[in-house]
Amino acid sequence: MDLNDAKTHDHKLVAHKGFYLINGTHDPDDVDRIYNLDIRDSDVFIVTYPKSGTIWMQQILLMLEAKGDLTAISKLNNYSNADLIPWIELNGNRQAFISAPSPRQRVTHLQYQFLPPALSQKKGKVIYVARNPKDVLVSYYYFHKVANMLETPKSFDDFFEKFLRGEVFGSSWFEHIKTWYSHKDEMNMLFITYEEMIQDLQSAVERISLFLSKELTNEQLTNVVKHSTFSNMKKIPQASYEQVPGDLLSHHLGRFMRKGTIGDWKNHFTVAQNERFDEVFLREMEDFPFLFIWDINDFK
Ligand code: PPS
């Protein structure tokens, strides 16, 4: 990669209706037009706060569509998971969505208020993937080093504070999950966590398949699971973003498929940072009816 490319990349955050977008990557006017899109019953939106398992859910949906046959995506070797299930909010992607054939599958990091209200009238389907925010923070910190559209963090401490203030693309993790979750029952929504997927990928894939009314044999489902594990996805260039051009991801600075586990925050947070995070978490998530898994050993 030409390092000058990284320097010329515009990674300024733009506040738009209380939500941070990335200058050059998103166009606020175009993002506003997403609200007026017609939704078909067959549309599927994967909704995530960044670093919560987006590429993983893309992989599972692609594999379900292909009935577990990996060659269906490996023969498309110029296309990454993000080309096959694109971000609706990226510059230029909204227009393509309008005329795309069904089933239209898209991902978004946007907050609830930007998406078409038809979703709240049970049109289309939404899969919300949530991940414990301490691991999200650490994953996002490393991604800021690799992704040239994001500002390289000054230090972990500095990024930690920015994340808690919501001064990152995606804004506040707390707002994101709370607003989407509060509309869960109005939508056809599957709410699933990264941690559940780590704990039992087979059951998670079965739930997703059922939710999307897919009909796969047990053998096909087993193949979906096989091609969606962290170790196998790492070997698939499209599913690990290894072929994403160097002007977007500085591959020599880290891998997109980094650790893929629960509890890596323990290797990064100081005791004081952890206490501060817990304080904010308790205040923000007081009424949230959900328990997060913070450590891989919590399953045992
Ligand atoms: S992004 O940039 O928002 O689209 O990133 P996203 O895909 O949401 O999240 C990337 C993190 O998900 C991990 N990942 C996985 N973990 C376990 N199993 C599988 N199969 C898997 N696929 C992706 C990826 O490694 C990133 O997490 P970290 O903690 O950085 O490893």
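Note that the structure is a prediction, hence the values are computed from the model and not measured.

About the thresholds
Residues numbered from 1 in each chain as written. Predicted model: local features only at pLDDT ≥ 70, side-chain atom pairs only at ≥ 80, totals over all residues. Heavy atoms only, no water. Helix = DSSP H or I, 4+ residues; strand = E, 2+ residues; numbered from the N terminus. Rg over C-alpha atoms; globule rule 2.2 N^0.38 Å. Buried < 20%, exposed > 50% of the residue type's maximum accessible area, 1.4 Å probe, protein only. Contact = heavy atoms within 4.5 Å. Pairing = 2+ DSSP bridges. 1 Å grid on protein atoms, 1.4 Å probe; cavity = no way out; pocket = protein on both sides within 12 Å on 5 of 7 lines; lining within 4 Å. Points joined across faces, edges and corners; volume = space filled by probe spheres on them. Nonpolar A, V, L, I, M, F, W, Y, C, P; charged D, E, K, R; others polar. Axes fitted to C-alpha atoms, helices over the stretch in contact; angles between N-to-C directions. Parallel < 35°, antiparallel > 145°, perpendicular 65-115°, else oblique. Near = heavy atom within 4 Å. Polar contact = N/O pair within 3.5 Å; in protein donor to acceptor, adjacent residues only side chain to side chain. Areas by Shrake-Rupley, 256 points an atom, 1.4 Å probe, with all protein chains shown as cover. pLDDT = per-residue confidence, 0-100. Salt bridge = Lys/Arg side-chain N within 4 Å of Asp/Glu carboxyl O.

1. Some points on the overall build of the protein chain
Stage number 1. Counting its secondary structure elements, the protein chain contains 14 helices and six strands.
Stage number 2. Against the 2.2 N^0.38 benchmark of 19 Å for 300 residues, the protein chain shows a C-alpha radius of gyration of 18 Å, consistent with a compact globule.
Stage number 3. Taken along its principal axes, the extent of the C-alpha atoms in the protein chain is 50 × 45 × 40 Å.
Stage number 4. Relative to its 300 residues, the protein chain shows a buried fraction of 52%.
Stage number 5. Within the protein chain, contacts between residues at least 6 apart in sequence are counted, and of these 74% link residues at least 24 apart.

2. Some remarks on the pairing of strand β2 (residues 19-22)
Stage number 1. When strand β1 (residues 13-16) meets β2, the two strands line up antiparallel, connected through four bridges. When the sheet's bridge partners are listed, His 16 is paired in β2 with Phe 19.
Stage number 2. Between the antiparallel neighbours β1 and β2 lie two residues, among them Lys 17 with a positive phi of about 50°.

3. Thoughts on the layout of surface pockets
Stage number 1. One number sums up the size of the second largest pocket: a volume of about 280 Å³.
Stage number 2. Lining the second largest pocket are 14 residues, with Leu 62, Glu 65, Leu 76, Leu 84 and Gln 105 sitting closest to its centre.
Stage number 3. Within the residue set of the lining of the second largest pocket, elements represented by two or more residues are α3 (54-65), α4 (71-74) and β4 (105-108).
Stage number 4. For the lining of the second largest pocket, the per-class residue count stands at 10 nonpolar, one polar and three charged.

4. A closer look at the packing of helix α7 (residues 133-146) against helix α14 (residues 271-284)
Stage number 1. At a minimum axis separation of 11 Å, α7 and α14 run at an interaxial angle of 125°. Viewed along their axes, α7 and α14 adopt a mutual orientation that is oblique. Two secondary-structure elements touch here, α7 through Pro 133, Lys 134 and Leu 137 and α14 through Asn 274, Phe 277, Asp 278 and Phe 281.
Stage number 2. Residue classes in the contact of α7 with α14 are distributed as four nonpolar, one polar and two charged.

5. Some details on the site of the ligand
Stage number 1. Among the 23 residues in the neighbourhood of the ligand, the closest are listed as Thr 54, Ser 139, Tyr 194, Lys 259 and Gly 260.
Stage number 2. Measuring from an oxygen atom of the ligand, one finds a backbone N or O atom of Ser 52 at 3.0 Å.
Stage number 3. Taking Trp 56, its side chain carries an N or O atom lying 3.1 Å from a nitrogen atom of the ligand.
Stage number 4. When the ligand is considered free in solution it has 640 Å² of accessible area, and contact with the protein chains removes 98% of it.
Stage number 5. With three residues, α3 is the single largest residue contributor to the shell around the ligand.
Stage number 6. The residue inventory of the shell around the ligand, partitioned by class, reads 11 nonpolar, eight polar and four charged.

6. Details of the pairing of β4
Stage number 1. Alternating residues of β4 divide into Gln 105 and Val 107 and Arg 106 and Thr 108, and every residue in both groups is buried.
Stage number 2. In this sheet, β4 lies alongside strand β3 (residues 44-48) in parallel orientation, the contact comprising four bridges. Its bridge partner being in β4, Phe 45 is matched across the sheet by Arg 106.

7. Overview of the confidence of the model for the protein chain
Stage number 1. Overall, the predicted model of the protein chain reaches an average pLDDT of 93, with 96% of residues at or above 70.
Stage number 2. This model gives residues 1-8 a pLDDT under 50, and the stretch forms eight contacts once residues within four places in sequence are excluded.

8. Some points on the pattern of salt bridges
Stage number 1. A complete count under the given rule lists 18 salt bridges for this structure.
Stage number 2. For the salt bridge of Lys 162 with Asp 158, the shortest nitrogen-to-oxygen distance reads 3.6 Å. Note that Lys 162 and Asp 158 are positioned in helix α8 (residues 156-165) at a spacing of four residues, about one turn of the helix.
Stage number 3. Among the ionic pairs, Glu 284 bridges to Lys 178, the shortest N-O distance being 2.9 Å. Pair noted here: Glu 284 is in helix α14 and Lys 178 is in helix α9 (residues 173-182), with a separation of 106 residues, a long-range link.
Stage number 4. Taken together, the shared-partner salt bridges in this structure form one network comprising Asp 30, Arg 33 and Arg 94.

9. Side note on unusual backbone geometry
Stage number 1. Here the residue pair Ser 102 and Pro 103 is connected by a cis peptide bond, since its omega of -5° sits within 30 degrees of zero.
Stage number 2. Note that Pro 103 resides in the loop between α6 (93-99) and β4.
Stage number 3. For Lys 51, which is not glycine, the phi dihedral falls at a positive 70°.
Stage number 4. Here Lys 51 is to be found in the loop between β3 and α3.
Stage number 5. Owing to a relative accessible area of 12%, Lys 51 belongs among the buried residues under this scheme.
Stage number 6. Phi at Ser 171 is positive, roughly 55°, even though this residue is not glycine.
Stage number 7. With respect to the helices and strands, Ser 171 occurs in the loop between α8 and α9.

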